[in-house]
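Descriptive analysis of the structure
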Amino acid sequence: MPTHYRDETGKATPALGWAQPSAAALRADLLTILDELPADAGFCDLDAVVARLVWQRPNLYGNAPQARPLVEATITEAELFGVVAERALTPLGRALLRGEELRSVAADLLPAPTTTATFLPDLTALVSGAPAAELAALLDTAADQESRDAASTWRFTPASVRRAFDTGRTADELLTALSAIADRPLPQPLSYLIRDVARRHGQLRVVAAGCCVVANDPALATELANHRQLANLRLRLLGDTVLASAQPAATVLAALRDAGYAPVHQNARGTTVIERHEPHRAPAAARSPRPIVDPPTLAAAVQRLRTAPPKAYDLERSRVHQDVAAHAEQLTAAEQRLLTDAIERHQPIVIQYVSAGGTHTTRVIEPEHLITPVLVAWCHLREAERHFLLSSITATAPVP
């Protein structure tokens, strides 16, 4: 399962990704220890297992207090995946340890899915055991599930059958599909319900429309529906004198007037909307802006800014520069100062970066904040916030 965290390449980091280098070895060593126990036997003393692992690989696992939380997490993980149960290795775990085909072992452990249902006269369907995917999908389309246990129950209602017809099925298609999964002939109440809902399905139709055009004469309505200049409106006859268009009312009014008609605009209550004509006004005369300060004063201020010495600032004594220097030792002193200045001022900077997969890229980033040894910045290449390791930044340069 991916998390909301992203690496420097923009990929989501997995929730099960364990950063500890001993994770893979610990899983394999733990399963090997459990495999040494007799069949269907588990361990009772967790401390003994931890001591065995520490004795077996002291350089990898350290001491017992350090290894115990990792062992407990690994056992919990193995139980969630069905590899370990009751602190004993399951057949699925033994197959995983020996590199055997897991699908066949899992198939032997799990019951076969049920492919048939029993339809009762009270408009319910009963499925014993775990239903097959096709069976559950069909029943979910035409019925409402009421219970899910060792036996699952679905109930047919007019609303649930109508839902099946909304997906494009007909009464004959639905009855044929239900008969194919039934272990006995369908009861008459269910057949009557499906036929009755099918008879009423589609008696009302809802048409999406941006606006309606009402004509006083059916001939005029037919003329508008077949007018070539109004083809873009896609007018559709809903009645003798009523047409519908997916375009908004303003677009329809403009098109009708361009075609030589004289329509009026009405609101949803049928009241005519009075349009106001904006009078033509001459454009206002352009005025030259008045300077805020007189030119001599402005020139003197510019000269003082140009000749003033820069403000003294000891960049190298800042905390950010110390962190950059400690974790980005591969950069030159000038590059470290440039990166420190960009971080403190939140200014764009060009970096050369090496991803975890060894890919070299050149990016323009805008530093947001530093969480040593990770720099959080906005990446112009990905157009998103990304995390960059200081140790993976191989060079820096100012933005051209």
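Once that is clear, we can look at the sheet that holds strand 8 (residues 151-155). In a beta sheet, neighbouring strands are held together by backbone hydrogen bonds and run either parallel or antiparallel to one another. Judged by pairing direction, the sheet is antiparallel, and its 4 strands sit side by side in the order 5-6-8-7 without closing on themselves. A single partner strand is all that each edge strand has here, and the edge strands are strand 5 (118-120) and strand 7 (144-147). Strand-to-strand twist across the sheet, computed as the mean angle between neighbouring axes with direction ignored, equals 30°. Pairing of strand 7 with strand 8, which is carried by 3 bridges, proceeds in the antiparallel orientation.

As summarised here, the arrangement of the 5 strands in space is 15-14-13-12-16, forming an open sheet in which the pairing is antiparallel. Lying at the two open borders of the sheet, with one neighbouring strand each, are strand 15 (384-389) and strand 16 (393-397). Averaged over all adjacent pairs, the angle separating strand axes in this sheet is 45°, with direction ignored. Bridge analysis of strand 12 (residues 349-354) against strand 13 (residues 360-371) gives 6 bridges, and the strand direction is antiparallel. Directly across from V350, in strand 13, lies its bridge partner V364. Relative to the sheet, helix 15 (residues 333-345) contacts strand 12, strand 13, strand 14 (374-379) and strand 16, its axis offset from that of strand 16 by approximately 75°.

The next point concerns helix 2 (residues 46-56). Of all the residues in helix 2, the buried ones are L46, V49, V50, L53 and V54. The buried side chains of helix 2 occupy one side of the element, clustering within an arc of 135° when seen end-on. As for helix 2, its buried residues are in contact with helix 1 (23-35), helix 3 (58-61) and helix 4 (64-80). One side-chain oxygen at the N-terminal end of helix 2 lies 3.1 Å from the backbone nitrogen of D47; it belongs to D45.

By the definition in use, this model includes 2 aromatic pairs. Geometrically, the ring pair formed by F119 and F156 is tilted, given 6.0 Å between the ring centres and 40° between the ring planes. With a gap of 37 residues between them, F119 in strand 5 and F156 in the loop between strand 8 and helix 8 (158-166) connect regions that are remote in the sequence. Under the relative-accessibility criterion, F119 is labelled buried at 3%. By relative accessible area, F156 is classed as buried at 3%.

Following both chains from N to C, one finds helix 9 (residues 171-181) and helix 10 (residues 188-200) inclined at 155°, their axes separated by 9 Å at the closest point. The angle between helix 9 and helix 10 places the two elements in the roughly antiparallel class. In this structure, helix 9 meets helix 10 at a crossing whose hand is right-handed. Facing helix 9, whose interface residues are A171, D172, L174, L175 and L178, helix 10 presents L190, S191, I194, R195 and A198.

Inspection of every chain in the model, using the stated rule, returns 16 salt bridges. In this structure, D341 and R345 form a salt bridge, with 2.5 Å as the shortest nitrogen-oxygen distance. Of this pair, D341 and R345 are both found in helix 15, 4 residues apart, which corresponds to roughly one turn of the helix. Given a relative accessible area of 25%, D341 falls into the partly exposed group. One network of salt bridges, in which partners are shared, links D35, R94 and R98.

The next point concerns the nonpolar core. Within the largest apolar cluster, 27 residues are counted, with the highest numbers of intra-cluster contacts made by F119, L139, F156, V161, L174, L178 and I194. Those elements that place two or more of their residues in this core are strand 6 (124-128), helix 7 (133-142), helix 8, helix 9 and helix 10. Within the second largest apolar cluster, 20 residues are counted, among which are A25, L53, V54 and A67.

Among the structural elements, S152 can be located in strand 8. Every residue in contact with S152, bar those within four places of it in the chain, is listed here: A125, L126, V127, Q145 and S147.

Attention shifts here to the layout of surface pockets. Here the largest pocket is characterised by a volume of approximately 570 Å³. Lining the largest pocket are 19 residues, with C212, V213, V214, P263 and V264 sitting closest to its centre. Contributing elements (two or more residues each) for the lining of the largest pocket: strand 9 (211-214), helix 11 (218-225) and helix 12 (249-258). Grouping the amino acids of the lining of the largest pocket by side-chain chemistry returns 15 nonpolar, 4 polar and no charged.

Another point: unusual backbone geometry. Along the chain, T372 connects to P373 via a cis peptide bond; the corresponding omega equals 5°. Residue position: P373 is located in the loop between strand 13 and strand 14. At H346, a residue that is not glycine, the phi angle is positive and equals roughly 55°. Considering the arrangement of structural elements, one finds H346 in the loop between helix 15 and strand 12. Judged by its relative accessible area of 44%, H346 falls in the partly exposed class. A positive phi angle, close to 55°, is found at E383, a residue other than glycine. Counting through the fold element by element, E383 comes out in the loop between strand 14 and strand 15.

What counts as what
Residues numbered from 1 in each chain as written. Predicted model: local features only at pLDDT ≥ 70, side-chain atom pairs only at ≥ 80, totals over all residues. Heavy atoms only, no water. Pairing = 2+ DSSP bridges. Helix = DSSP H or I, 4+ residues; strand = E, 2+ residues; numbered from the N terminus. Axes fitted to C-alpha atoms, helices over the stretch in contact; angles between N-to-C directions. Contact = heavy atoms within 4.5 Å. Buried < 20%, exposed > 50% of the residue type's maximum accessible area, 1.4 Å probe, protein only. Arc of directions from axis to C-beta. Polar contact = N/O pair within 3.5 Å; in protein donor to acceptor, adjacent residues only side chain to side chain. Phe/Tyr/Trp six-rings, centres within 6.5 Å; stacked < 30°, edge-to-face > 60°. Parallel < 35°, antiparallel > 145°, perpendicular 65-115°, else oblique. Left-handed = near helix turned anticlockwise from the far one by under 90°. Salt bridge = Lys/Arg side-chain N within 4 Å of Asp/Glu carboxyl O. Core = buried A, V, L, I, M, F, W, Y, C linked by side-chain atoms within 4.5 Å. 1 Å grid on protein atoms, 1.4 Å probe; cavity = no way out; pocket = protein on both sides within 12 Å on 5 of 7 lines; lining within 4 Å. Points joined across faces, edges and corners; volume = space filled by probe spheres on them. Nonpolar A, V, L, I, M, F, W, Y, C, P; charged D, E, K, R; others polar.

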